[in-house]
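# Descriptive analysis of the structure
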Amino acid sequence: KECGSLLEAEWDKKYAAYKAAFPKEAGEYMRRSSGQLPVDFAVQAQKMIEGFNAKGETIATRKASQAALDALSAFLPELLGGSADLTGSNFTNFKTSVSMRLNEGKWGNHINYGVREFGMAAIMNGVTLHGGYLPYGGTFLTFADYSRNAIRMAALMKKRVIHVMTHDSIGLGEDGPTHQSVEHVSSLRLIPNCDVWRPADTVETAVAWASSIERTTGPAVLALSRQNLPFVPRTAPQVSAIAQGGYVLSDVPAAQFCLIATGSELALAIEAAKQLNAAGKPTRVVSMPCCDVFDRQSAEYKKSVLPASMKKIAVEAGVTNYWRKYVGLEGAVVGIDTFGESAPAGVLFKHFGITVANTVAQIADGS
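The present account deals with the structure reproduced in this document. (Residues numbered from 1 in each chain as written. Predicted model: local features only at pLDDT ≥ 70, side-chain atom pairs only at ≥ 80, totals over all residues. Heavy atoms only, no water.)

### Re the nonpolar core
The condition is simple: Working definition of a nonpolar core: buried Ala, Val, Leu, Ile, Met, Phe, Trp, Tyr and Cys residues. They are joined through side-chain atoms within 4.5 Å. Using a 1.4 Å probe on the protein chains alone, a residue whose accessible area is under 20% of its type maximum counts as buried, one over 50% counts as exposed, and one in between counts as partly exposed. Helix and strand definitions here come from DSSP, where helices need a minimum of 4 consecutive H or I residues and strands a minimum of 2 consecutive E residues; each element is numbered from the N-terminal end. Whether two residues touch is decided by their heavy atoms; if any such pair falls within 4.5 Å, the residues are in contact.
Counting residues in hydrophobic clusters, the biggest one holds 79 residues, and the most contacted among them are Trp 209, Ile 260, Leu 306, Trp 323 and Tyr 326. In terms of residue count, helix H9 (residues 202-214) provides more of this core than any other element does, 7 residues in total. Contacts of Leu 306, omitting those with residues within four sequence positions, involve Cys 258, Ile 260, Val 286, Met 288, Phe 294, Lys 312 and Tyr 326. Membership of the second largest hydrophobic core comes to 12 residues, among which are Ile 151, Val 185, Leu 188 and Val 221.

### Regarding unusual backbone geometry
Note: most peptide bonds trans; most residues except glycine with negative phi. The backbone phi angle of Asp 85 is positive, close to 65 degrees, even though this residue is not glycine. Among the structural elements, Asp 85 can be located in the loop between strand E2 (79-83) and helix H5 (87-90). One non-glycine residue, Asn 193, lies in positive phi territory at about 65 degrees.

### Topic: the sheet that holds strand E3 (residues 110-112)
Definition in use: Should DSSP find at least two bridges between two strands, the strands are regarded as paired. Axes here refer to lines fitted to C-alpha atoms; in helices the fit is confined to the stretch in contact. Angles between the N-to-C directions go from 0 to 180 degrees.
Reading across from one edge, E3-E2-E4-E5-E7-E6 is the order of the 6 strands in this open sheet, with parallel pairing throughout. What marks the edges here is a single partner per strand, and that holds for E3 and strand E6 (195-197). Between one strand axis and the next, the sheet turns through 20 degrees on average, direction left out of account. With 5 bridges joining them, strand E4 (residues 134-140) and strand E5 (residues 162-166) adopt parallel strand pairing. Directly across from Phe 140, in E5, lies its bridge partner Thr 166. Contacts from helix H6 (residues 117-130) reach E2, E4 and E5, with the element oriented near 170 degrees to E4.

### Some words on the packing of aromatic side chains
As a reminder, the rule being used: Whether two aromatic rings pair depends on their centres lying within 6.5 Å, for rings of Phe, Tyr and Trp, where Trp uses its six-membered ring; planes under 30 degrees apart make the pair stacked, over 60 edge-to-face, and the rest tilted. In this scheme, the term charge over a ring applies when either NZ of a lysine or CZ of an arginine sits within 6 Å of the ring centre and within 35 degrees of the ring normal.
Counting across every chain of the model gives 12 aromatic pairs. A centroid spacing of 5.6 Å and a plane angle of 45 degrees characterise the contact between Trp 323 and Tyr 326, whose relative ring orientation is tilted. Note on Trp 323: relative accessible area 0%, which makes it buried. Taking the relative accessible area as the measure of exposure, Tyr 326 reaches 10% and is therefore buried. Through successive ring pairs, a cluster of aromatic residues spans Phe 294, Tyr 301, Tyr 322, Trp 323 and Tyr 326. When the ring centre of Tyr 133 is taken as origin, the NZ or CZ atom of Arg 32, which lies over that ring, is 4.9 Å away.

Dropping the structure here:
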């Protein structure tokens, strides 16, 4: 105890001298060590989101994630990235990424973890426990099984760790059922205190990143697409509402039906609603990029988005049971309750009935 006190006093003396000589650097050291974000983070993040909205790109959300990292890295120096040997597929590097090479004594902000998903996730937990860095790492969503225990520990410890998990559904195509993570999004949502985001386009991806960074009390999983997803136009209030996890994307007077969708299926729901509205079946569309965040909203807000009076149909290219808490027994879920198949993405979506026609049929045939 006495030895520890002496060492601490010596360190405090050295730090006081350092602070006097380098006040700006000392302030940055304390900010990062305490886990606080830069004072202008919210402003800079909002500029990033607005920029994505103005650009309106149609790209895969894994590429949108990389674009977000490019923007974030400019004002968030504590980002420490990496991947389980999948950087070229997860796009977890950014323009100023420098790979760590400890044997060369070289500083870096990107770790090549190798094919060791659990090791990566556990190391990220250790980094956030140490402090000073904001760790994130990438792999395919199907390999979340290997990372799960470490993800669960981050949630249990209430630590901010961000998992970038791409190739999120049958949309990855020919790799087949071993890589098509039909059950993983729902199973990760069941981990307490773990936010799982499945964004539909560039703007929702940017919000997912900003929200995951701003939340300091638990980990986040970003489930991202391999395939390109169309940009979805939104009003300014709708862009702001993304951070609430679920929001009304399109509506009509006296809507009787509600389509709830995430990720690559949002565009499908938008088209289905257009056809249903044209057929005299007034239909609302709700985008639900993060069920965990939506569930933390007030009862009034949740009722305003998902009124009890509307018949609800959820659309997600994955297992269906999770969505019953929103649609009820009287609603329907367009999803997949089997393993995938090996074929091009478009063929698979049609094969499994994740289509506009099948979504329309849930209302047209059942109302």
